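# Residue-level structural notes
Here is what each chain is made of, one letter per residue.
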Amino acid sequence: MTETLKGGPRRGRLRKGTRGVPLPLLVPALAGLAFLVLPLIALLVRTPWRTLPDQLTSPEVWEALRLSLFCATAATALSLVIGVPLAWLLARTDFPGRRLVRALVTLPLVLPPVVGGVALLLALGRNGVVGQWLDSWFGITLPFTTAGVVLAETFVAMPFLVISVEGTLRAADPRYEEAATTLGASRFTAFRRVTLPLIAQGIAAGAVLAWARALGEFGATITFAGNFPGRTQTMPLAVYLALQNDPAAAIALSLVLLAVSIAVLVGLRDRWMTAS
Amino acid sequence: MTRPRRRALRAAGAGAAALLALSACSSSSDSDSTAAGSDASDRLSGEVTVFAAASLKESFTTLGKEFEKQHPGTKVTFSFGGSDSLAASITGGAAPADVFAAASPKTMAIVTDAGDASGTPTTFVRNQLEIATLPGNPDRISSLKDLTKSGLKVVLCDESVPCGAAAQKALGATRLKLTPVSYEQDVKSALTKVELKEADAALVYKTDVKAAGDKVEGVDFPESADALNDYPIALLRDAPNAEAAKAFIDLVKSAEGQKVLTGAGFLAP
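Okay, so let's go over this structure. (Residues numbered from 1 in each chain as written. Chains lettered and ligands numbered in written order. Predicted model: local features only at pLDDT ≥ 70, side-chain atom pairs only at ≥ 80, totals over all residues. Heavy atoms only, no water.)

Turning our eyes to something else, we now look at the overall build of chain A. Helix and strand counts for chain A come out as 15 helices and zero strands. For chain A, the C-alpha atoms occupy an extent of roughly 65 × 65 × 30 Å along the three principal directions. Counting the 276 residues in chain A, one finds 41% classified as buried. If you take every contact in chain A between residues at least 6 apart in sequence, the share linking residues at least 24 apart comes to 73%. Carbon and sulfur atoms make up 70% of the accessible area of chain A, which amounts to about 14800 Å² in all. On chain A, the mean spot of the 24 positive side-chain charges and the mean spot of the 14 negative ones are 10 Å from each other. (Helix = DSSP H or I, 4+ residues; strand = E, 2+ residues; numbered from the N terminus. Buried < 20%, exposed > 50% of the residue type's maximum accessible area, 1.4 Å probe, protein only. Contact = heavy atoms within 4.5 Å. Areas by Shrake-Rupley, 256 points an atom, 1.4 Å probe, with all protein chains shown as cover. Lys, Arg positive; Asp, Glu negative; His and termini not counted. Charge placed at Lys NZ, Arg CZ, Asp CG, Glu CD.)

Here it is in structure tokens:
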């Protein structure tokens, strides 16, 4: 990812060189593509097209979709606010235990999301390590609320942003920032005026990745925030529950989620990730 | 190592981590079903594969051990899970199972309608709803009506799963308007919310309250009698080990089997 983002001038050359693709690369590449696309095609093949309009006009579907889009966007925003500084800390400073901190940041990537949800309950639940103080001091309880959905999605999605931004930061030349500080800028000003514009594309790529992950989040959300239509029932939850007794409805719902995410991802990629 | 090479490696590492994370979010069934490849024709021997509803886990495991003791040379393998997903794997032909024990007639019907059961299923136990409250019942809940008190956080099962359908049936009889904080995806997660003290009460099965020990307290309510859940059991048509499977079903229905099941909180049919 950092390669394509950084290697702007080189890309023109790469794009033209499709003539002589070696077979040992082409065959597995096509197999990989087929593996990823085949399940999606199967979904389209088995979609009950005739009853689809009925399925899609129900207000519950739109409620779930609106909630999904809102929560994924809020989770991405939250990830940007706290994730980008964290990535900067990991890439640009040296402190004891930095390797450990980086491993901890990527931990939610390997943690089963359901376990993540339980961990969030134990930390921020009404009876949780921190949550009990939130409740008794401020009267804030997070489980079963929309804010809880945003937190669960942030927990799962933010590592994608942090890793992506950190990679971009490491690939970016630190001498620009050093020059800025030599010329009298504070380190924060250098970050704001020099580093941020330099890594904007990496941030955008990471944000898109985090948004996509948040949109599809299921395990942590249902464990931490529960499932209530209009408040915490996002599309993946609606799909899962529909699957229990009405697979046709589940397929229709999946299709909506798929269409919306493809539309957004294609739109964002064109705008942010390919212009260089 | 040159700089671009290292960068490429790092990108590959991040990609691999992302892949791992994405694959981790797909749910996995907890127990595996090894193929029962025996063709015991005369004496009882070989493997019996039993697909059973998750709520039967404790009691069926006990009965499985008992069966193996009574019939040396046999081995009972269980696959516990949601009745609907078990039914789907039986009708899909993916799993060579001998016996299916479901948590509702509706899920059993999926198998019988597909012609995958041999004979008619019989109801072997019933399960009744109970209110699970925090230990010591601090909110003094004694009836369904108490659950509608404002400020009380109640979780129900989603209507698409058997415990949620039963809860709606019980509530429907009372005309109470109960707004839960969440409709959980199965009975265990509804119970967990009370165990973790995130919810004040949940409508779950008696057997779940019993299995949770002193982490929750059970409160009976009369309306639950109108929403009993029947558990049917059936021999499957393509059972690789039909003889032993029949014997296992007989054990479940025997006085001895019923004792284990009622001990776990089930009601006799």
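The next subject is the nonpolar core. Val50(B), Leu56(B), Phe60(B), Phe124(B) and Leu147(B) are the most contacted members of the largest nonpolar core, which has 66 residues in total. At seven residues, helix 8 (residues 242–253) of chain B tops the list of elements feeding residues into this core. Counting only domains with at least three residues in this core, you end up with domain 1 (46–126 + 230–263) and domain 2 (129–227) of chain B. Leaving out residues up to four positions away in the same chain, Phe60(B) has contacts with Val50(B), Ala52(B), Phe78(B), Phe80(B), Ala101(B), Phe124(B), Ile233(B), Phe248(B), Val252(B) and Leu261(B). By size, the runner-up hydrophobic cluster in this structure holds 41 residues, among which are Trp88(A), Leu90(A), Ala214(A) and Leu253(A). (Core = buried A, V, L, I, M, F, W, Y, C linked by side-chain atoms within 4.5 Å. Domains from an automatic or database assignment.)

With that out of the way, let us pick up the state of the cysteines. Residues and elements named next belong to chain B. Overall, the coordinates contain one disulfide over all chains when judged by the stated rule. Cys157 shares a disulfide with Cys163; S-S distance 2.0 Å. One quick way to see it: the torsion about the S-S bond of Cys157 and Cys163 is about -105°, and its sign makes the bridge left-handed. (Disulfide = S-S within 2.5 Å.)

All right, on to unusual backbone geometry then. A positive phi is found at Phe144(A), a non-glycine position, where the angle reads about 70°. Following the sequence through the fold, Phe144(A) ends up in the loop between helix 8 (131–138) and helix 9 (146–171). Residue Phe144(A) is classed as buried on the basis of its relative accessible area of 4%. Phi at Asn137(B) takes a positive value of approximately 45°, unusual for a residue other than glycine. Relative to the helices and strands, Asn137(B) resides in the loop between strand 5 (129–133) and strand 6 (154–157).

All names here are of chain B. Strand 5 sits mainly inside the fold: five of its five residues count as buried. The two faces of strand 5 match: Leu129, Ile131 and Thr133 on one face and Glu130 and Ala132 on the other face are all buried. Bridge count between strand 5 and strand 8 (residues 201–205): five bridges; the pairing is antiparallel. Each bridged residue has a counterpart across the sheet, and for Glu130 the counterpart in strand 8 is Val204. The pairing of strand 5 with strand 9 (residues 217–219) spans three bridges and is classified as antiparallel. Bridge pairing in strand 9 places Ala132 opposite Gly218. (Pairing = 2+ DSSP bridges.)

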